Amino acid sequence: NEQYDYLVVGAGLFGAVFAHEAALRGKRVKVIEKRDHIAGNIYTKEVAGIQVHQYGAHIFHTSDREIWDYVNQFAEFNRYTNSPVANYKGHMYNLPFNMNTFSELWGVRTPAEAAAKIAEQRAAANLGDHQPRNLEEQAIALIGTDIYEKLIKGYTEKQWGQKATDLPAFIIRRLPVRYTYDNNYFNDTYQGIPIGGYTQIVEKMLAHPEITVETSTDFFAHKAEYLAQYPKVVFTGMIDQFFDYQLGELAYRSLRFETETVPVDNYQGNAVVNYTDAETPYTRVIEHKHFEFGKGDADQTVITREFPANWQRGDEPYYPVNNQTNNTLYKQYAKLAAAEPQVIFGGRLGQYRYYDMHQVIHAALVTVASEFATTK
Ligand code: FDA
């Protein structure tokens, strides 16, 4: 379509930031999205007076002042602080692992007592001198056997569909462990939930006269025509699918969400409760009204159970599985991508990388900077 400068495939955060910035630079942009709504996985929708996170709990956090200012152009954020609670067989523990957790588990009162307990358990586990060889060894080395068995093992095995002894150690290297009575999950300077939901952010980014949006439109239905018609394409779908899986399939984890309206004011007293045993089939229950401090109808509440699922073609690919095999395969796809100057691959699926929202905005702004530095 010669009237457009760019075709953006995917109306998620990456695509929306790119489209917005291109339009501000006078470019004409067409955005296509295969779902029947914009905003990708950050999509929220109002139900019973509150914003329901349709694709899992989304808490915005960053230490980057520029990213925080950037996103605040499009919404005002509340003071929400992520502090999930774990339910292990009916016992409740604060997360992330901190003095509250240690005190609940062992009755310890001081950081020195907690550290001694963890050191004692680590020693008893006889891990040897070698580097942790898998997630189980890594977790015990970091935090001891009790926390590993009650709060990590079942949850992680459900999440990845694999035994902790078969999972790589690196998954857990950045486990937050804190010797203070602080239940704030993130260490970032800025954190919050947009008042009025996330969808408005993408809506405002795309509300520019130079941008046209078409939902319920799959790029692969007309790939050849799109490539023939648009001078430049920004692709935020799956990179392996773009190349027709010619080098093989990249692996993803999927999720299934079950959302329910319950006729009580307050179902679980917290936005996020993790179920860390192996038997409960879901990993977490989200009660959306607590993201907004109990706003919404007083006689009902919306909850969502999150079930991890294997991924196969046709399912929603929520998480890239960044193990060595897949990262190696991704690098080969990235080489094909580099030989395709008409197409920019971006976002979580286009770059096969787990990105949080602030990281995806950053990545999109980096792409914008390099794109408009050269083409002006
Ligand atoms: P995203 O997937 O959002 O957008 C890509 C879009 O392209 C989708 O809308 C898709 O439908 C579309 N598309 C794909 N193929 C297409 C095709 N062939 N044709 C047309 N359209 C196509 N981050 C954070 O900071 N804090 C948090 O708390 C969380 N929580 C969280 C929970 C869960 C369960 C998940 C899965 C993710 C998070 N995240 C998060 C991460 C956050 O969701 C993520 O950073 C952004 O949504 C990534 O935006 P993208 O634009 O890259 O992908």
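What counts and what doesn't
- Residues numbered from 1 in each chain as written.
- Predicted model: local features only at pLDDT ≥ 70, side-chain atom pairs only at ≥ 80, totals over all residues.
- Helix = DSSP H or I, 4+ residues; strand = E, 2+ residues; numbered from the N terminus.
- Rg over C-alpha atoms; globule rule 2.2 N^0.38 Å.
- Buried ≥ 20, exposed ≤ 12 C-beta atoms within 10 Å, placed from the backbone.
- Contact = placed C-beta atoms within 7 Å.
- Domains from an automatic or database assignment.
- Axes fitted to C-alpha atoms, helices over the stretch in contact; angles between N-to-C directions.
- Left-handed = near helix turned anticlockwise from the far one by under 90°.
- Nonpolar A, V, L, I, M, F, W, Y, C, P; charged D, E, K, R; others polar.
- Pairing = 2+ DSSP bridges.

The name given to the protein chain in an unreviewed UniProt entry is UDP-galactopyranose mutase, and the organism recorded there is Lactiplantibacillus argentoratensis.

Caption draft 1: Up close: the overall build of the protein chain. The secondary structure content of the protein chain amounts to 12 helices and 16 strands. Its C-alpha atoms give the protein chain a radius of gyration of 22 Å, within 12% of the compact-globule value 21 Å for 376 residues. Burial analysis of the protein chain (376 residues in total) assigns 38% to the buried set. When contacts within the protein chain are restricted to residue pairs at least 6 apart in sequence, those whose partners lie at least 24 apart make up 73%.

Caption draft 2: Main features of the domain arrangement of the protein chain. Split by domain assignment, the protein chain resolves into domain 1 (6-79 + 192-251 + 320-375), domain 2 (95-172) and domain 3 (252-310). A C-alpha centroid distance of 36 Å is found between domain 1 and domain 2.

Caption draft 3: A look at the packing of helix H5 (residues 135-143) against helix H6 (residues 145-160). Relative orientation of the contacting elements H5 and H6 amounts to 145°, with a least axis distance of 9 Å. Between H5 and H6 the crossing geometry is right-handed. Contact residues: Leu 135, Glu 136, Ala 139, Ile 140 and Ile 143 in H5; Thr 145, Ile 147, Tyr 148, Ile 152 and Thr 156 in H6. Residues that form the contact of H5 with H6 fall into these classes: seven nonpolar, two polar and one charged.

Caption draft 4: Summary view of the environment of Phe 345. Turning to its location among the elements, Phe 345 is positioned in strand S16 (residues 343-345). Note on Phe 345: 25 C-beta atoms within 10 Å, which makes it buried. Sequence separation between Phe 345 and Glu 260 is 85 residues; the distance between their C-alpha atoms is 36 Å. Each residue touching Phe 345, except ones within four places of it in the same chain, is listed here: Phe 235, Ile 239, Ala 337, Gly 350 and Gln 351.

Caption draft 5: Seen up close, the pairing of strand S12 (residues 272-275). Taking every second residue as pointing to the same face, both faces of S12 are buried, with Val 272 and Asn 274 on one and Val 273 and Tyr 275 on the other. The pairing of strand S6 (residues 85-88) with S12 spans three bridges and is parallel. Across the sheet, Val 85 pairs through a bridge with Val 273, a residue of S12.

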